[in-house]
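# Overview (structure and organization)
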Amino acid sequence: MKFLRWTADLAELPPPIEAVYTEVDTRGDVHREVGVDGIGNVVYRKPSSDPKWGRDGLFYSIDLPAPAEEVSAERFDALWDDMAGAQRSSP
């Protein structure tokens, strides 16, 4: 697996999202995706039961003309876990 970070300067991301982190397999298929706002808060993740960002997440619905920055699996998982904790503590 590769973990990539796509930023708003590489693609048109819907507000408030400033970066999308993706977990991508060797065929290029995205397995998980996390969206982060301008101050680093996780604002969505896919897969999720929240349909706000679409059934397939943002990766397949936006144009990505430039290569992304590779990030560590640990960084991706920390973001993923951050959103999971936020969803559990929400009323």
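Residues numbered from 1 in each chain as written. Predicted model: local features only at pLDDT ≥ 70, side-chain atom pairs only at ≥ 80, totals over all residues. Heavy atoms only, no water.

### What to know about the side chain of Thr22
Rule in force here: Segments assigned H or I by DSSP are reported as helices when at least four residues long, segments assigned E as strands when at least two residues long, and all are numbered from the N terminus. For this analysis, a polar contact is any N or O atom pair within 3.5 Å, provided that within protein one partner can donate a hydrogen and the other can accept it, and provided that sequence-adjacent residues contribute only side-chain to side-chain pairs. Two residues qualify as a contact provided that any one of their heavy atoms is within 4.5 Å of a heavy atom in the partner residue.
Inspection of the secondary structure puts Thr22 in strand E2 (residues 17-24). Within the structure, Thr22 has its side chain in polar contact with the side chain of Trp6 (distance 3.1 Å). Excluding anything up to four places from it in sequence, Thr22 contacts Lys2, Phe3, Leu4, Trp6, Val30, Arg32, Glu33, Phe59 and Phe76.

### Notes on unusual backbone geometry
Look at the link from Pro15 to Pro16: it is a cis peptide, with omega at 10 degrees. By secondary structure assignment, the location of Pro16 is in the loop between strand E1 (2-7) and E2. In this chain, Lys46 is followed by Pro47 through a cis amide linkage whose omega measures 5 degrees. Residue placement: Pro47 occurs in the loop between strand E4 (42-46) and strand E5 (69-70).

### Considering the pairing of E2
What counts, and what does not: Partly exposed describes any residue whose relative accessible area lies between the buried limit of under 20% and the exposed limit of over 50%, with all areas from a 1.4 Å probe on protein chains only and scaled to the type maximum. Pairing between strands is defined by DSSP: at least two bridges between the two strands are required.
Most of E2 is tucked away, with seven of its eight residues classed as buried. Of the strand pairs in this sheet, E1 and E2 are connected by six bridges, and their pairing is antiparallel. Following the sheet pairing, Lys2 is matched in E2 by Val24. Bridge count for E2 against strand E3 (residues 30-37) is seven bridges, and the pairing is antiparallel. Bridge assignment links Glu23 to a residue of E3, and that residue is Arg32. Hairpin connection, E2 to E3: the antiparallel pair is bridged by five residues, and Gly28 has positive phi, about 95 degrees.

### Some remarks on the side chain of Asp25
One can find Asp25 in the loop between E2 and E3. Overall, the relative accessible area of 15% leaves Asp25 in the buried class. Separated by 2.9 Å, the side chains of Asp25 and His31 make a polar contact. Not counting chain neighbours up to four residues away, the residues in contact with Asp25 comprise Met1 and His31.

### Regarding the pattern of salt bridges
To keep things clear, this is the line we draw: Salt bridges, as used here, are contacts in which a Lys or Arg side-chain nitrogen is within 4 Å of a carboxyl oxygen on Asp or Glu.
One pass over the structure, following the stated rule, counts five salt bridges. Two residues, Arg5 and Glu69, come together in a salt bridge whose shortest N-O distance is 3.1 Å. Note that Arg5 is positioned in strand E1 and Glu69 in strand E5, a separation of 64 residues in sequence. Assessed through its relative accessible area of 26%, Arg5 is described here as partly exposed. Two residues, Asp77 and Arg32, come together in a salt bridge whose shortest N-O distance is 2.7 Å. Residue Asp77 is located in helix H1 (residues 73-89), and its partner Arg32 is located in strand E3; the two are separated by 45 residues in the primary sequence. The class for Asp77 is partly exposed, based on a relative accessible area of 30%.

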